[in-house]
Amino acid sequence: MRVLSVVGARPQFVKLAPVAEAFAAAGVDHRIVHTGQHYDPGMSDVFFADLRIPKPDVNLTVGSASHGVQTGAMLGALEEVMLREQPDWVLVYGDTNSTLAAALAAVKIHLPLAHLEAGLRSFNRRMPEEHNRVLTDHAADLLLAPTAVAMDHLAEEGLARRSVLVGDVMTDVCLRVRDAVLADPPPPPAGLARGGYVVATIHRAENTDDPQRLRAVVASLAGLSVPVLLMAHPRLRARCQEQGIDLESGSLRVVDPLPYPGMVAAVLGSSGVVTDSGGLQKEAFLLRRPCTTLRTETEWVETLEGRWNVLAPDLVGLDALAARPAPAEPTLQPYGSGDAARQVVTALGT
Ligand code: UD1
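Parameters at a glance
- Residues numbered from 1 in each chain as written.
- Predicted model: local features only at pLDDT ≥ 70, side-chain atom pairs only at ≥ 80, totals over all residues.
- Heavy atoms only, no water.
- Helix = DSSP H or I, 4+ residues; strand = E, 2+ residues; numbered from the N terminus.
- Rg over C-alpha atoms; globule rule 2.2 N^0.38 Å.
- Buried < 20%, exposed > 50% of the residue type's maximum accessible area, 1.4 Å probe, protein only.
- Contact = heavy atoms within 4.5 Å.
- Areas by Shrake-Rupley, 256 points an atom, 1.4 Å probe, with all protein chains shown as cover.
- Lys, Arg positive; Asp, Glu negative; His and termini not counted.
- Charge placed at Lys NZ, Arg CZ, Asp CG, Glu CD.
- Pairing = 2+ DSSP bridges.
- Axes fitted to C-alpha atoms, helices over the stretch in contact; angles between N-to-C directions.
- Salt bridge = Lys/Arg side-chain N within 4 Å of Asp/Glu carboxyl O.
- Near = heavy atom within 4 Å.
- Polar contact = N/O pair within 3.5 Å; in protein donor to acceptor, adjacent residues only side chain to side chain.
- Nonpolar A, V, L, I, M, F, W, Y, C, P; charged D, E, K, R; others polar.
- Domains from an automatic or database assignment.

J.: Where do I start with the overall build of the protein in this structure?
T.: Summing up its helical and strand segments, the protein has 14 helices and 13 strands in all. Radius of gyration (C-alpha) of the protein: 19 Å, near the 20 Å computed for a compact globule of 350 residues. Structurally, the protein occupies a C-alpha span of about 55 × 45 × 40 Å along its principal axes. A buried classification covers 55% of the 350 residues belonging to the protein. Long-range contacts, defined here as pairs at least 24 residues apart, represent 67% of the contacts in the protein between residues at least 6 apart. Just so you have it, the protein exposes about 14,200 Å², and 54% of that area is on carbon and sulfur atoms. Separation between the mean location of the 31 positive side-chain charges and that of the 40 negative ones in the protein comes to 1 Å.

Shown next, in the form of structure tokens:
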């Protein structure tokens, strides 16, 4: 059995890690294609090294471009690789442009397509990711859903027969790395005091690409009354530079994006998280730090239970929200118990 995984952006490398390990344990002939959507060493190579992911068999080095140019460049190049490799399954992850390009390339040449993290919905049609995930789900032959809510979305769209609940593979990685960090916790970065700062990330188009919105988001973070460890995505830095917005202001302590174990350690050392990242909302929940999300909606609705996660799109009352204490321990494990990757291997029939 040959499986061809296609990844390209940072969160996909995290999802790939436990899946690659489970494929190796099951003796699957697993090939990895990296589209090159993310290419800075800190956004790519470091994840392969830290999470012990085998080196990609192919890197298409497409780099950054507009949606159409980037997705189109991947589409042609992926078709060539898929025709050569003839896998039994093409496996795509999440909702990036790399996901959509690989899904289209596979189905057009009649290769079986499986979508990991199927069924997530924001119902916000302004988000590029929403189109990527909806189109990929409807193209795929096998939909590997992370949660019961995702399964419901797929059923509502007539896709129940192709859907399997496997759990969330990011939970597999997060819990494993959490245990390693807790066994030997490093000091918090940037000279911060344990428990005395919040972690922040901002990278979504809706927060970075409108200058007025970007200015308001940065000003709100800079105005918090606790130090803010801002892990600055290259997109955030680029947009701030274009707009002459100073990131090094007020409470902000700016660092480059951290490697995965460093990010988990930073969250564990913090009192809370402010973000627009899907992955980090869930990681905050798993690591039991209250999260405030600067978006109008979330795909990971389970994190809202008990106010572990609160949506604050209008930035009102952000200081009090960011400083709120951790709520009561959740009673459910909506993201599985950390064995989703094994379920993926089983669902693929390997
Ligand atoms: C992409 C995904 C998003 C995911 C995010 C995780 C899409 C539509 N979006 O957004 O769903 O949450 O990855 O990080 O696929 N850049 C660099 N170096 C890099 C990569 C990007 O400098 O290694 C800069 C470039 O200026 C680039 C910009 O970041 O234009 C945006 O990169 P892109 O891959 O288009 O989207 P992300 O914002 O990273």
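J.: How do you make sense of the sheet that holds strand 13 (residues 309-311) when you look at a structure like this?
T.: What links the strands of a sheet is backbone hydrogen bonding, and the strands pair in either a parallel or an antiparallel sense. The six strands lie next to each other as 10-9-8-11-12-13, forming an open sheet whose pairing is parallel. Of all the strands in the sheet, the pair left with one neighbour each is strand 10 (252-255) and strand 13. Each neighbouring strand pair of the sheet contributes to a mean axis angle of 20°, computed without reference to strand direction. Of the strands in this sheet, strand 8 (198-201), strand 11 (272-275), strand 12 (291-293) and strand 13 touch helix 12 (residues 278-286), which is tilted by about 165° from strand 11.

J.: Is there a simple way to explain the pattern of salt bridges in this structure?
T.: Pairing between side chains becomes possible if they bear opposite charge and their charged atoms approach one another. Inspection of every chain in the model, using the stated rule, returns 23 salt bridges. Two residues, aspartate 179 and arginine 178, come together in a salt bridge whose shortest N-O distance is 3.1 Å. Residue classification places aspartate 179 among the partly exposed positions, given a relative accessible area of 43%. Here glutamate 299 makes a salt bridge to arginine 295, at a shortest N to O gap of 2.9 Å.

J.: I'm lost on the site of the ligand in this one. Help?
T.: Around the ligand sit 18 residues, and of these His38, Tyr39, Asn97, Glu129 and Arg235 come closest. One of the backbone nitrogen or oxygen atoms of tyrosine 39 is found 2.8 Å away from an oxygen atom of the ligand. Here an oxygen atom of the ligand sits 2.7 Å away from a polar atom, N or O, in the side chain of glutamate 129. Protein burial of the ligand: of its 740 Å² of free accessible surface, 87% is covered by the chains. Elements represented by at least two residues in the shell around the ligand include exactly helix 1 (10-25) and helix 10 (234-243). Grouping the amino acids of the shell around the ligand by side-chain chemistry returns five nonpolar, eight polar and five charged. No fewer than three residues from each of domain 1 (2-168 + 336-347) and domain 2 (176-322) sit in the shell around the ligand.

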